[in-house]
Amino acid sequence: RYIEAIYDFYYIFEYLYADGSFKQKATKEAFLADKAAVEALAEAQKTPDQQIQAQPALMRLFAEKYQSKCIEEVVDTIIEVRGFLHHQSLQRRNNWNPGIQSDFKVDALFLFHAAHNTMVKRSTEILFLPEEMAAFLSMRFYTDDGREINWVPTNP
């Protein structure tokens, strides 16, 4: 289900960083203008997913499609992959085959890694705000057998 994964992870970027844009040029400009988007893509570019690292053929493809390119080219690549998958046509000679999902494994894993990077960063920034930590520490939690869990925050 790599094709579905590409949509899901690409749409995280589109939702967070493209501000409603869906045209290629506007989407590219929006992605590149947002520091968090660029950082998430750069991190995914620098550190391939473990599944990619485990297979030399995938690592070569990853290096060719993502690692060897500048961020602008990476953004072009993900926008092109999304467009290629989305715009099927009987007239197009090089349509993708839904039965051969593996053709898109590297793209899906790259986008997974980039989306994961951006979501972890955003969520931890929110979760560890002082007011959120205070709200969490004010709540009471219990084990399955009814014992109260006492959170003891550590001070840096």
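Read on for an overview of the structure. (Residues numbered from 1 in each chain as written. Predicted model: local features only at pLDDT ≥ 70, side-chain atom pairs only at ≥ 80, totals over all residues. Heavy atoms only, no water.)

1. Notes on the overall build of the protein chain
- Within the protein chain, the secondary structure is distributed over eight helices and two strands.
- Sequence-ordered secondary structure for the protein chain, helices as α and strands as β, is α-α-α-α-α-α-α-α-β-β.
- What you see for the protein chain is a C-alpha radius of gyration of 20 Å, clearly larger than the 15 Å of a compact globule of 156 residues, by over 25%.
- With respect to the principal axes defined by its C-alpha atoms, the protein chain has extents near 65 × 35 × 30 Å.
- Counting all 156 residues of the protein chain, 31% fall into the buried class.
- One finds the centroid of the 17 positive side-chain charges in the protein chain at a distance of 6 Å from the centroid of its 22 negative side-chain charges. (Helix = DSSP H or I, 4+ residues; strand = E, 2+ residues; numbered from the N terminus. Rg over C-alpha atoms; globule rule 2.2 N^0.38 Å. Buried < 20%, exposed > 50% of the residue type's maximum accessible area, 1.4 Å probe, protein only. Lys, Arg positive; Asp, Glu negative; His and termini not counted. Charge placed at Lys NZ, Arg CZ, Asp CG, Glu CD.)

2. Considering helix α2 (residues 24–33)
- Among the residues of α2, Thr-27, Ala-30 and Phe-31 are the ones counted as buried. All buried residues of α2 fall inside an arc of 100 degrees around its axis, so they share one side. Opposite the packed face of α2, turned more than 90 degrees from it, sit the exposed residues Lys-25 and Ala-33.
- Contacts made by the buried residues of α2 are with α1 (2–17), α3 (35–46) and α6 (71–86). (Arc of directions from axis to C-beta. Contact = heavy atoms within 4.5 Å.)

3. Topic: the packing of α3 against helix α7 (residues 105–127)
- One can describe the packing of α3 onto α7 by two numbers: an axis separation of 8 Å at closest approach and a directional angle of 130 degrees. Relative to α7, α3 is oriented oblique. The element α3 and its partner α7 pack so that their crossing is right-handed. Judged by residue contacts, Ala-36, Glu-39, Ala-40, Leu-41, Glu-43, Ala-44 and Gln-45 of α3 engage Phe-110, His-113, Ala-114, Asn-117, Thr-118 and Lys-121 from α7.
- Residue composition of the contact of α3 with α7, by class: six nonpolar, four polar and three charged. (Axes fitted to C-alpha atoms, helices over the stretch in contact; angles between N-to-C directions. Parallel < 35°, antiparallel > 145°, perpendicular 65-115°, else oblique. Left-handed = near helix turned anticlockwise from the far one by under 90°. Nonpolar A, V, L, I, M, F, W, Y, C, P; charged D, E, K, R; others polar.)

4. Some thoughts on the environment of Gln-51
- Looking at the element boundaries, Gln-51 is found in helix α4 (residues 50–53).
- Put simply, Gln-51 and His-113 are 62 residues apart on the chain and 11 Å apart in space, counted from C-alpha to C-alpha.
- Those residues within four positions of Gln-51 in sequence are excluded, and the remaining contacts are Leu-58, Lys-105 and Leu-109.

5. Description of the pattern of salt bridges
- Per the counting criterion, the structure on display carries eight salt bridges.
- Glu-29 is the salt-bridge partner of Lys-25, the closest N and O atoms lying 2.9 Å from each other. Taken as a pair, Lys-25 and Glu-29 lie in helix α2 at a separation of four residues, close to a single helical turn.
- Note on Lys-25: relative accessible area 62%, which makes it exposed.
- Residue Lys-65 pairs with Asp-107 through a salt bridge whose shortest N-O separation is 2.7 Å. (Salt bridge = Lys/Arg side-chain N within 4 Å of Asp/Glu carboxyl O.)

6. Some thoughts on the packing of aromatic side chains
- Counting across every chain of the model gives 11 aromatic pairs.
- Ring geometry for Tyr-10 versus Phe-31: centroids 6.0 Å apart, planes at 65 degrees, classification edge-to-face. With Tyr-10 in helix α1 and Phe-31 in helix α2, this residue pair connects regions lying 21 residues apart in the sequence. In this pair, the class of Tyr-10 matches that of Phe-31, namely buried.
- On the basis of an interplanar angle of 40 degrees and a centroid distance of 5.3 Å, the ring pair of Phe-136 and Phe-141 is categorised as tilted.
- Chaining the aromatic ring pairs together yields one cluster made of Tyr-7, Tyr-10, Tyr-11, Phe-13, Tyr-17 and Phe-31. (Phe/Tyr/Trp six-rings, centres within 6.5 Å; stacked < 30°, edge-to-face > 60°.)

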